[in-house]
Amino acid sequence: MSVLLAKTLRSSTFRLALIWIAIFGAAVVALFGYVYWSTTSYVRSRSDQAIVAELAILKDAYVSAGRSELITTIAQRIAGKHFDGGVYLLADSSFAPLAGNLEVWPSVLKGASGWGNFEAREWRPDAAHRPLLRAIFEVLPDGSHLLVGKDIQDLDEFAGKINMALVLAVLLMCVLAGTASVSVTRRTVGRIEAINTTSRTIMQSGLSERIPLRGTRDEWDELATNLNSMLDRIEALMAEVKQFTDNVAHDLRTPITRIRGRLEKAYSNLREGDSHQLLIGDTMADLDGVLRMFSSLTRISQIEASDRTAAFRTIDLAEIVREVVELFDAAAEETGVHLEVVGDQRALVTGDRDLLFDALANLVDNAIKHGREAGRVTVEVRQSDGGAAISVSDNGPGIPVDEFQHVFKRFYRLERSRRTPGNGLGLTLVAAVARLHGAHIEMLDNAPGLKFRLYFPARHQSGAEPRNASWKRGGSLS
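Procedures and definitions
Residues numbered from 1 in each chain as written. Predicted model: local features only at pLDDT ≥ 70, side-chain atom pairs only at ≥ 80, totals over all residues. Heavy atoms only, no water. Pairing = 2+ DSSP bridges. Helix = DSSP H or I, 4+ residues; strand = E, 2+ residues; numbered from the N terminus. 1 Å grid on protein atoms, 1.4 Å probe; cavity = no way out; pocket = protein on both sides within 12 Å on 5 of 7 lines; lining within 4 Å. Points joined across faces, edges and corners; volume = space filled by probe spheres on them. Nonpolar A, V, L, I, M, F, W, Y, C, P; charged D, E, K, R; others polar.

This part covers the pairing of strand β11 (residues 440-445). As paired elements, β11 and strand β12 (residues 450-457) share six bridges and run antiparallel to each other. The partner of L444 across the bridge, within β12, is K451. Between β11 and β12, which pair antiparallel one after the other, the connecting turn spans four residues, and A447 there sits at a positive phi close to 45°.

Written out as structure tokens, the structure reads:
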């Protein structure tokens, strides 16, 4: 737990949270300071306005009836409950008190007129603290001094409460913000640590581990789900690589063994003429098969690794179909297979003519080789508003449904197909070409036999950017 707390405090998320807390705190303090200043200023200004108004009333009494009337008015103000808290003092030219509720003239009030704050010993002597008084003073025409003020202790208490509320609010905000930042950062660090732990486990023990989900369906669960999907994909690819390696070893072992045996036989026995030439010819044929296998692998990798769209142009699928059927017509006739073309006379798509020719040739070749002997192979091409499609069907034994998702893997061959020539790369090439052209592949039960269908969506006929291909009935080509 302490390790997690230490990582939390070192986290960049925590530091960023502290920065924003400081910024937010400064904004709150500035806001509260403005509220404090504006409130106290408003209350003090209202108090000062009341003092000025009271001074004006007393001066009017002085102007109308002289000093005697002023003394009478001051006495009435002091006696009236409405004026509780008011401060009054009339002194002669030597500051000797004549009327009012103060015993002496405040020493801090100097000059002919002005404002001042002061304390008086006689003002509420029973109070724990001497209240603060605020007054305005002025010299009258006869030389006497008039002072009018108010007890502003309540105002100071009000300002103190606002100040205390400001301090408490800032402290509470800091505590809550600190707690929230630690909690959020700790949760973030905890989820990241779970990912790191799983990553370390994967590096030590293999790809079988997965990041645990908490079922919250938040962004962390979404990230964990995506990472787990990525791990699933990597594990599947690693399994394919293992199978690929096993298949390569299996398929290359036989021709290389034959080559070695022939070379050993040629080394051990002196041969002349046709026998020697026949042995060399068989060896070269096996080597050519191996070279074709590696050439097919290289071509598939090139198609999958790069976007070979430079040679894309508008082409007629029907024309490619006729050329492929013409190319395999002799091979079909030799095995007694009836090869025919049906469908539209014109089907335009945007693509690489050579690659589409090779893909279709592989499908037709597979149909002839693996279909029924003396059976039927049909190549159909169709054009519609939704796109164009090519299908190759036979009436042979077909492929089990559970094998559909495997036949596009490199070197994958059904057990019964290992007796026929081939290296298991034909359908892999078809898948790569389909992916490059954004085409979809369907594998359908032809009852009997198998039907491959390549569908080119209409968007590719206008030269749109190709997208990843997919195939229906069991999975994705990628």
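Alright, that's what it looks like, and here's the rest.
Within this structure, the stated rule accounts for two cavities of 30 Å³ or more. One number sums up the size of the largest cavity: a volume of about 60 Å³. The wall of the largest cavity is formed by L317, L356, A359, L360, L363, I390, L454 and F456. Only α8 (353-370) and β12 provide two or more residues apiece to the lining of the largest cavity. The dominant element in the lining of the largest cavity, judged by the number of residues it contributes, is α8, at four residues. In terms of residue class, the lining of the largest cavity is built from eight nonpolar, no polar and no charged. One number sums up the size of the second largest cavity: a volume of about 30 Å³. Forming the boundary of the second largest cavity are T40, V43, R44, L155 and F158. When contributions to the lining of the second largest cavity are tallied by element, the ones reaching two or more residues are α2 (12-65) and α4 (153-205).

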